[in-house]
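Per-entry structural report
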Amino acid sequence: MALNRDFVGRSYPASPPYEVSRVKIREFAAAIGDNNPVYRDREAAQAAGHPDVVAPPTFPIVFSLQSGGEALADPGLGLNFAMVVHGEQRFEYVRPVYAGDRLVVTATITDIRSAGRNELLTVRSEVTTVDGEPVCTTYNTIVERGGAA
Amino acid sequence: MTATVKYDEIEVGHEIPAVDYNVRRLNLVMYAGASGDFNQIHWNERFAKMVGLPDVIAHGMYTMAQAGRFVTDWAGDPGAVVDYGVRFSSMVVVPDDDQGATITVSGVVEEKLADKRVVVGLTARSGDARVLSKARAVVQLA
């Protein structure tokens, strides 16, 4: 089913704060098989010049997916989750994400378009600290296979 | 927070040697738990086939994380990656056996920017398929 184009430009209220923990960063690093000590050990991270344990570059998917998820779950959009695969992803950083950060995400649907038989939808998420300091922007494009057929 | 690679020592065309990353079903289960992406196509063969896929496929983000690791290992500092984007151009099919699949990542410095930043173009392959396209990272060098 074609996605509802009226959703382009819709922003969703800022998420509740996501508190980045050392434990979660360690778990994520283990899941991607990366043994870099700056993902696990505060002293190693500080020795490398960071204030605390650093998150891997793709870590914001952990919390940006959830905020975008609210937009995608709206039945009025007409998205069939069973046919969804990931199309594109980008992370644009102002600074790295660190353990101890309290982050809020504001998601906006920036684009819906057809490509062949598929429907493509892009969500931009602005990630800031609870104090309003910009940290990163994520761009997530999902593909609904066969959605435009 | 400083990269170990020096901007002045890197020229456009500099090649970063390929690295193989193995992915088995266990990795996908771990990644599902750590990322919160429990889409069944990444762990349930029956479901994956029902929706027309050849088998369980890796999370695109798992592949993106491997290519990200390739960049951070080269740069020497995860904080040096200031921009990183990919397109998922093909699936990484992960069979239910002890070998799993292999993702081979390589890179080349495509451009030198101001402020000691470089653009690294990334190639990721699994089997015959190029699994990432338009994959590039902007890295802050020393």
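Above: the structure in question.
Residues numbered from 1 in each chain as written. Chains lettered and ligands numbered in written order. Predicted model: local features only at pLDDT ≥ 70, side-chain atom pairs only at ≥ 80, totals over all residues. Heavy atoms only, no water.

**Looking at the environment of D115(B)**
- With respect to the helices, strands and loops of the structure, D115(B) is situated in the loop between strand 3 (101-112) and strand 4 (117-126).
- When the C-alpha positions of D115(B) and G100(B) are compared, they lie 41 Å apart, and in sequence the two are 15 residues distant. (Helix = DSSP H or I, 4+ residues; strand = E, 2+ residues; numbered from the N terminus.)

**With respect to unusual backbone geometry**
Residue and element names in this part refer to chain B.
- Phi angles above zero are rare outside glycine, and D115 is one such case at about 60 degrees.
- Judged by its relative accessible area of 63%, D115 is exposed.
- Positioned with a positive phi, K116 is a non-glycine residue whose angle comes to about 60 degrees.
- When you line up the elements, K116 lands in the loop between strand 3 and strand 4.
- Taking relative accessible area as the criterion, K116 reaches 40% and is therefore assigned partly exposed. (Buried < 20%, exposed > 50% of the residue type's maximum accessible area, 1.4 Å probe, protein only.)

**As for the sheet that holds strand 4 of chain B**
- If you trace the 10 strands from one edge of the open sheet to the other, you get 1(A)-3(A)-4(A)-5(A)-2(A)-2(B)-5(B)-4(B)-3(B)-1(B), paired in antiparallel fashion. Of all strands in the sheet, those with a lone pairing partner are strand 1 (18-19) of chain A together with strand 1 (15-23) of chain B, marking the two edges.
- Both strand 3 (residues 102-115) of chain A and strand 4 (residues 118-129) of chain A contribute to a ladder of 12 bridges, which runs antiparallel. Paired with T106(A) across the strands is E126(A), a residue of strand 4 of chain A. (Pairing = 2+ DSSP bridges.)

**Concerning a nonpolar patch on the surface**
- A cluster of nonpolar residues, V29(B), F38(B) and W43(B), forms a patch on the protein surface that exposes about 330 Å² of accessible area.
- With respect to the helices and strands, the residue V29(B) is situated in helix 1 (residues 25-35). (Patch = residues over 30% accessible without salt bridge, like charges linked within 9 Å, V, L, I, M, F, W, Y side chains within 5 Å. Areas by Shrake-Rupley, 256 points an atom, 1.4 Å probe, with all protein chains shown as cover. Salt bridge = Lys/Arg side-chain N within 4 Å of Asp/Glu carboxyl O.)

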